[in-house]
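A look at the structure
Each chain, written out:
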Amino acid sequence: MLEANVNGHRKYQKANSNYFMGLKKSLFLFFLILISKETFSCSCINTPLLEKYQRSDFVAKIKITKVIQDKSNKDYHDIDFELISIYKGESINKIKIVSVLNTSCSFLPSENTTWLIFASRDRNGLLSSGACSGSEQIDQTFDLVMYPNLDVKYKESIDLKLEVLEYIKGKKITVDNKFILTSTDYRLCLDDLKGYEEKNRFAVYQVIVNRDLSIKNIKVIKRFNNKDLSKKLTGCLQDNMKISAQNMKVIPEKAKMMIIYFYYLAEKNNQSFVSIWDL
(Lines give C-alpha, C1' and ligand atoms only; values in the text may rest on other atoms or scores of the structure.)
Protein backbone atom coordinates (compact mmCIF):
# COMPACT_ATOMS: atom_id res chain seq x y z
CA MET A 1 0.00 0.00 0.00
CA LEU A 2 2.85 2.39 0.83
CA GLU A 3 4.54 1.79 -2.52
CA ALA A 4 1.26 2.36 -4.34
CA ASN A 5 0.77 5.71 -2.62
CA VAL A 6 4.28 6.80 -3.56
CA ASN A 7 4.02 5.85 -7.24
CA GLY A 8 0.52 7.22 -7.57
CA HIS A 9 1.61 10.75 -6.60
CA ARG A 10 5.13 10.99 -8.05
CA LYS A 11 3.90 12.72 -11.20
CA TYR A 12 1.97 15.26 -9.10
CA GLN A 13 5.03 16.17 -7.04
CA LYS A 14 7.22 16.64 -10.12
CA ALA A 15 4.77 19.07 -11.67
CA ASN A 16 4.61 21.22 -8.54
CA SER A 17 8.07 20.91 -6.99
CA ASN A 18 9.31 24.30 -8.24
CA TYR A 19 6.49 26.08 -6.46
CA PHE A 20 8.00 25.48 -3.02
CA MET A 21 11.00 27.65 -3.81
CA GLY A 22 8.86 30.75 -3.48
CA LEU A 23 7.45 30.01 -0.03
CA LYS A 24 8.46 32.06 2.97
CA LYS A 25 11.62 30.74 4.59
CA SER A 26 10.29 30.21 8.11
CA LEU A 27 7.15 28.36 7.00
CA PHE A 28 9.16 26.32 4.55
CA LEU A 29 11.56 25.19 7.28
CA PHE A 30 8.62 24.36 9.49
CA PHE A 31 7.06 22.38 6.65
CA LEU A 32 10.26 20.39 6.20
CA ILE A 33 10.37 19.56 9.89
CA LEU A 34 6.80 18.31 9.83
CA ILE A 35 7.29 16.02 6.87
CA SER A 36 10.89 14.95 7.52
CA LYS A 37 9.86 11.52 8.73
CA GLU A 38 7.17 11.15 6.09
CA THR A 39 9.08 12.45 3.08
CA PHE A 40 12.78 11.76 3.56
CA SER A 41 13.21 8.61 5.63
CA CYS A 42 10.20 6.83 4.12
CA SER A 43 10.19 8.38 0.63
CA CYS A 44 6.52 9.36 0.82
CA ILE A 45 5.14 12.02 -1.48
CA ASN A 46 3.64 14.99 0.30
CA THR A 47 0.19 15.96 -1.02
CA PRO A 48 -2.31 18.73 -0.23
CA LEU A 49 -5.06 18.14 2.33
CA LEU A 50 -7.79 17.83 -0.28
CA GLU A 51 -5.94 15.08 -2.14
CA LYS A 52 -5.31 13.16 1.09
CA TYR A 53 -9.01 13.43 1.84
CA GLN A 54 -9.97 12.21 -1.64
CA ARG A 55 -7.73 9.14 -1.57
CA SER A 56 -8.84 8.11 1.93
CA ASP A 57 -11.84 5.99 2.89
CA PHE A 58 -11.86 7.20 6.49
CA VAL A 59 -10.92 10.63 7.86
CA ALA A 60 -11.51 11.54 11.49
CA LYS A 61 -10.28 13.16 14.65
CA ILE A 62 -9.73 10.40 17.21
CA LYS A 63 -8.24 9.64 20.61
CA ILE A 64 -6.39 6.34 20.68
CA THR A 65 -7.29 4.20 23.68
CA LYS A 66 -5.55 0.92 22.92
CA VAL A 67 -2.73 -0.33 20.66
CA ILE A 68 -2.38 -4.09 20.12
CA GLN A 69 0.03 -6.13 18.00
CA ASP A 70 -1.72 -8.03 15.21
CA LYS A 71 -1.12 -11.70 16.01
CA SER A 72 -1.43 -12.87 12.42
CA ASN A 73 0.76 -10.20 10.77
CA LYS A 74 3.73 -8.59 12.51
CA ASP A 75 3.62 -5.59 10.15
CA TYR A 76 0.26 -4.48 11.56
CA HIS A 77 -1.10 -3.23 14.85
CA ASP A 78 -4.74 -2.79 15.80
CA ILE A 79 -5.86 0.44 17.41
CA ASP A 80 -9.04 1.09 19.36
CA PHE A 81 -10.10 4.70 19.62
CA GLU A 82 -12.69 7.19 20.77
CA LEU A 83 -14.22 8.90 17.74
CA ILE A 84 -14.24 12.66 18.34
CA SER A 85 -15.24 13.94 14.87
CA ILE A 86 -15.71 12.05 11.63
CA TYR A 87 -15.17 13.76 8.28
CA LYS A 88 -15.41 10.84 5.88
CA GLY A 89 -16.45 7.19 6.09
CA GLU A 90 -18.45 5.12 8.53
CA SER A 91 -18.60 5.62 12.27
CA ILE A 92 -16.15 3.03 13.64
CA ASN A 93 -13.87 2.67 16.64
CA LYS A 94 -10.94 0.59 15.39
CA ILE A 95 -8.63 0.34 12.37
CA LYS A 96 -5.34 -1.24 11.38
CA ILE A 97 -2.00 0.53 11.59
CA VAL A 98 0.71 -0.39 9.08
CA SER A 99 3.38 -0.29 11.77
CA VAL A 100 6.23 -2.11 9.90
CA LEU A 101 8.51 -1.67 12.90
CA ASN A 102 12.29 -1.57 12.45
CA THR A 103 11.96 -0.08 8.97
CA SER A 104 12.21 3.50 7.68
CA CYS A 105 8.42 3.48 7.28
CA SER A 106 7.67 2.47 10.87
CA PHE A 107 4.56 4.14 12.25
CA LEU A 108 3.03 3.37 15.64
CA PRO A 109 0.87 5.93 17.46
CA SER A 110 0.82 5.79 21.24
CA GLU A 111 -2.14 5.17 23.50
CA ASN A 112 -3.87 8.26 24.94
CA THR A 113 -2.83 10.48 22.04
CA THR A 114 -5.15 12.47 19.76
CA TRP A 115 -4.86 12.23 15.99
CA LEU A 116 -6.19 13.51 12.69
CA ILE A 117 -6.26 10.13 10.99
CA PHE A 118 -6.39 9.31 7.29
CA ALA A 119 -7.03 5.65 6.44
CA SER A 120 -7.76 3.72 3.26
CA ARG A 121 -8.46 0.15 2.27
CA ASP A 122 -5.50 -1.87 1.02
CA ARG A 123 -5.52 -4.69 -1.53
CA ASN A 124 -6.77 -7.05 1.17
CA GLY A 125 -9.68 -4.79 2.05
CA LEU A 126 -8.18 -3.77 5.39
CA LEU A 127 -8.89 -0.21 6.50
CA SER A 128 -5.49 1.00 7.63
CA SER A 129 -3.24 4.01 8.11
CA GLY A 130 0.53 4.18 7.79
CA ALA A 131 3.50 6.50 7.54
CA CYS A 132 2.47 7.77 4.09
CA SER A 133 -1.25 8.18 4.79
CA GLY A 134 -0.95 11.77 6.00
CA SER A 135 -2.13 11.19 9.59
CA GLU A 136 -0.92 13.75 12.14
CA GLN A 137 -0.83 13.74 15.92
CA ILE A 138 -2.83 16.70 17.16
CA ASP A 139 -1.30 16.81 20.66
CA GLN A 140 2.27 16.51 19.40
CA THR A 141 4.96 18.02 21.66
CA PHE A 142 8.31 19.50 20.57
CA ASP A 143 11.74 20.39 21.86
CA LEU A 144 11.20 24.15 22.01
CA VAL A 145 14.86 24.81 22.78
CA MET A 146 15.83 23.30 19.44
CA TYR A 147 12.69 24.46 17.61
CA PRO A 148 11.42 27.70 19.22
CA ASN A 149 7.78 28.53 18.51
CA LEU A 150 7.26 25.29 16.59
CA ASP A 151 4.38 24.33 18.88
CA VAL A 152 2.50 27.48 17.81
CA LYS A 153 3.18 26.87 14.11
CA TYR A 154 2.15 23.24 14.41
CA LYS A 155 -1.10 24.12 16.17
CA GLU A 156 -1.90 26.68 13.46
CA SER A 157 -1.31 24.02 10.81
CA ILE A 158 -3.50 21.43 12.53
CA ASP A 159 -6.24 23.96 13.26
CA LEU A 160 -6.30 24.99 9.60
CA LYS A 161 -6.75 21.39 8.45
CA LEU A 162 -9.53 20.79 10.97
CA GLU A 163 -11.26 24.04 9.97
CA VAL A 164 -11.28 22.95 6.32
CA LEU A 165 -12.56 19.47 7.17
CA GLU A 166 -15.30 20.91 9.38
CA TYR A 167 -16.29 23.23 6.52
CA ILE A 168 -16.48 20.36 4.01
CA LYS A 169 -18.51 18.33 6.49
CA GLY A 170 -20.83 21.19 7.47
CA LYS A 171 -21.55 22.22 3.88
CA LYS A 172 -21.85 18.57 2.76
CA ILE A 173 -19.45 19.28 -0.10
CA THR A 174 -18.64 16.40 -2.43
CA VAL A 175 -14.92 16.38 -3.17
CA ASP A 176 -14.48 13.06 -4.97
CA ASN A 177 -12.12 13.15 -7.93
CA LYS A 178 -12.52 9.79 -9.66
CA PHE A 179 -10.66 10.80 -12.84
CA ILE A 180 -7.70 12.25 -10.85
CA LEU A 181 -8.09 15.67 -12.41
CA THR A 182 -5.44 18.28 -11.61
CA SER A 183 -5.23 21.98 -12.35
CA THR A 184 -2.23 23.49 -14.09
CA ASP A 185 -0.95 26.99 -14.77
CA TYR A 186 -2.14 28.17 -11.35
CA ARG A 187 1.26 29.50 -10.31
CA LEU A 188 0.89 32.55 -12.55
CA CYS A 189 -2.14 33.52 -10.49
CA LEU A 190 -0.69 32.74 -7.05
CA ASP A 191 2.60 34.54 -7.70
CA ASP A 192 0.67 37.81 -8.03
CA LEU A 193 -1.41 37.34 -4.88
CA LYS A 194 1.03 38.72 -2.34
CA GLY A 195 0.67 41.51 0.19
CA TYR A 196 -3.09 41.35 0.64
CA GLU A 197 -4.78 41.58 4.04
CA GLU A 198 -7.32 38.79 4.50
CA LYS A 199 -9.46 37.39 7.35
CA ASN A 200 -10.44 34.04 5.83
CA ARG A 201 -7.79 31.34 5.97
CA PHE A 202 -8.96 29.57 2.85
CA ALA A 203 -11.17 29.82 -0.24
CA VAL A 204 -12.95 26.97 -2.04
CA TYR A 205 -13.60 26.72 -5.76
CA GLN A 206 -15.57 24.20 -7.82
CA VAL A 207 -14.53 23.55 -11.42
CA ILE A 208 -16.88 21.87 -13.90
CA VAL A 209 -14.83 20.00 -16.52
CA ASN A 210 -16.06 18.85 -19.93
CA ARG A 211 -15.15 15.46 -21.40
CA ASP A 212 -12.38 17.03 -23.52
CA LEU A 213 -10.90 18.56 -20.32
CA SER A 214 -11.98 22.07 -21.23
CA ILE A 215 -13.44 24.12 -18.40
CA LYS A 216 -17.17 24.71 -18.50
CA ASN A 217 -17.46 26.75 -15.35
CA ILE A 218 -15.52 27.93 -12.29
CA LYS A 219 -17.69 28.59 -9.25
CA VAL A 220 -16.65 30.19 -5.97
CA ILE A 221 -17.97 28.09 -3.07
CA LYS A 222 -16.19 30.04 -0.32
CA ARG A 223 -14.47 33.27 -1.29
CA PHE A 224 -11.75 35.30 0.37
CA ASN A 225 -13.15 38.23 2.35
CA ASN A 226 -10.92 40.77 0.61
CA LYS A 227 -12.88 41.69 -2.53
CA ASP A 228 -9.80 42.69 -4.54
CA LEU A 229 -8.01 39.45 -3.65
CA SER A 230 -11.05 37.32 -4.45
CA LYS A 231 -11.71 39.10 -7.74
CA LYS A 232 -8.11 38.86 -8.88
CA LEU A 233 -7.82 35.16 -8.02
CA THR A 234 -11.12 34.24 -9.66
CA GLY A 235 -10.37 36.25 -12.79
CA CYS A 236 -6.90 34.82 -13.16
CA LEU A 237 -8.19 31.26 -12.78
CA GLN A 238 -10.84 31.85 -15.42
CA ASP A 239 -8.20 33.20 -17.82
CA ASN A 240 -5.38 30.75 -17.14
CA MET A 241 -6.51 27.50 -15.53
CA LYS A 242 -6.16 24.29 -17.51
CA ILE A 243 -7.13 20.78 -16.46
CA SER A 244 -5.26 17.54 -17.02
CA ALA A 245 -6.24 13.95 -16.28
CA GLN A 246 -3.77 11.22 -15.52
CA ASN A 247 -3.06 9.24 -18.73
CA MET A 248 -6.25 10.53 -20.40
CA LYS A 249 -6.93 13.19 -23.01
CA VAL A 250 -10.68 12.64 -22.79
CA ILE A 251 -12.64 11.60 -19.70
CA PRO A 252 -15.70 9.30 -19.88
CA GLU A 253 -18.10 11.95 -18.65
CA LYS A 254 -18.37 15.52 -17.51
CA ALA A 255 -16.91 15.92 -14.01
CA LYS A 256 -16.33 18.40 -11.24
CA MET A 257 -13.34 18.99 -9.00
CA MET A 258 -12.76 21.07 -5.90
CA ILE A 259 -9.73 23.28 -5.31
CA ILE A 260 -8.79 24.94 -2.02
CA TYR A 261 -6.52 27.98 -1.76
CA PHE A 262 -4.91 28.87 1.56
CA TYR A 263 -3.99 32.34 2.81
CA TYR A 264 -0.89 32.96 4.93
CA LEU A 265 -0.19 36.14 6.86
CA ALA A 266 2.84 38.34 6.34
CA GLU A 267 5.78 37.41 8.52
CA LYS A 268 8.70 39.73 9.28
CA ASN A 269 9.94 40.99 5.90
CA ASN A 270 7.89 38.51 3.88
CA GLN A 271 4.57 39.42 2.30
CA SER A 272 1.36 37.50 2.81
CA PHE A 273 0.66 34.94 0.10
CA VAL A 274 -1.83 32.38 -1.23
CA SER A 275 -0.97 28.72 -1.78
CA ILE A 276 -2.58 25.39 -2.69
CA TRP A 277 -0.58 23.84 0.17
CA ASP A 278 -1.85 23.57 3.74
CA LEU A 279 1.37 24.35 5.60
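Residues numbered from 1 in each chain as written. Predicted model: local features only at pLDDT ≥ 70, side-chain atom pairs only at ≥ 80, totals over all residues. Heavy atoms only, no water.

**A word on the overall build of the chain**
Here is the rule we go by: Put simply, DSSP marks the helices as runs of H or I at least four residues long and the strands as runs of E at least two long, and each gets a number from the N terminus on. Residues count as neighbours in contact if any of their non-hydrogen atoms are within 4.5 Å of one another. Using a 1.4 Å probe, accessible areas were evaluated by the Shrake-Rupley method; residue-level cover was limited to the displayed protein chains.
Counting its secondary structure elements, the chain contains six helices and twelve strands. Sequence separation of 24 or more characterises 67% of the internal contacts of the chain that already satisfy a separation of 6 or more. Per element, the accessible surface of the chain, about 14,800 Å² overall, is 48% carbon and sulfur.

**What about the sheet that holds strand 8 (residues 202-209)?**
Strands belonging to one sheet form pairs held by backbone hydrogen bonds; the direction of such a pair is parallel or antiparallel. We count it as follows: Criterion used throughout: strands pair if DSSP finds at least two bridges between them. Think of each axis as a best-fit line through the C-alpha atoms, taken over the contacting stretch in the case of a helix, with angles from 0 to 180 degrees between the N-to-C directions.
On the basis of which strands lie adjacent, the open sheet formed by four strands has the order 9-8-11-12 and antiparallel pairing. Looking at the sheet topology across the chains shown, the edges are occupied by strand 9 (215-222) and strand 12 (273-275). On average, adjacent strands in this sheet sit at an angle of 25° to one another, irrespective of strand direction. The sheet contacts of helix 6 (residues 227-240) involve strand 8, strand 9, strand 11 (255-264) and strand 12, and relative to strand 8 the element is tilted by about 25°.

**Some remarks on the packing of aromatic side chains**
We count it as follows: We call Phe, Tyr and Trp rings a pair once their centres come within 6.5 Å, taking the six-membered ring for Trp, and we label the pair stacked below 30 degrees between planes, edge-to-face above 60, and tilted otherwise. Residue burial is assigned from relative accessible area. The probe radius is 1.4 Å, only protein chains are included, and a residue is buried under 20% of its type maximum, exposed over 50%, and partly exposed in between.
Applying the stated criterion across every chain yields a total of seven aromatic pairs. Aromatic side chains F142 and Y154 sit 5.0 Å apart centroid to centroid with 65° between the ring planes, which places their arrangement in the edge-to-face category. Here F142 is found in the loop between strand 6 (136-137) and helix 4 (150-171), whereas its partner Y154 is found in helix 4, with twelve residues between them in sequence. The exposure class of Y154 is buried, given its relative accessible area of 5%. Judged by centre distance (6.4 Å) and plane angle (65°), the rings of F224 and Y263 are edge-to-face.

**Some details on the confidence of the model for the chain**
Where we set the bar: Along the chain, pLDDT gives the predictor's confidence residue by residue, from 0 to 100.
For the chain, per-residue confidence averages 86 on the pLDDT scale, and residues scoring 70 or more make up 84% of the total. Between the elements of the chain, mean pLDDT differs from a low of 40, seen in helix 1 (residues 2-16), to a high of 98, seen in strand 1 (residues 58-69). Considering only residues more than four positions removed or in separate chains, one finds that residues 1-40, a stretch of pLDDT under 50, has 80 contacts.

**Some remarks on unusual backbone geometry**
Within the chain, V100 stands out as a residue other than glycine whose phi angle is a positive 30°. Here V100 shows up in the loop between strand 3 (94-98) and strand 4 (114-121). Note on V100: relative accessible area 14%, which makes it buried.

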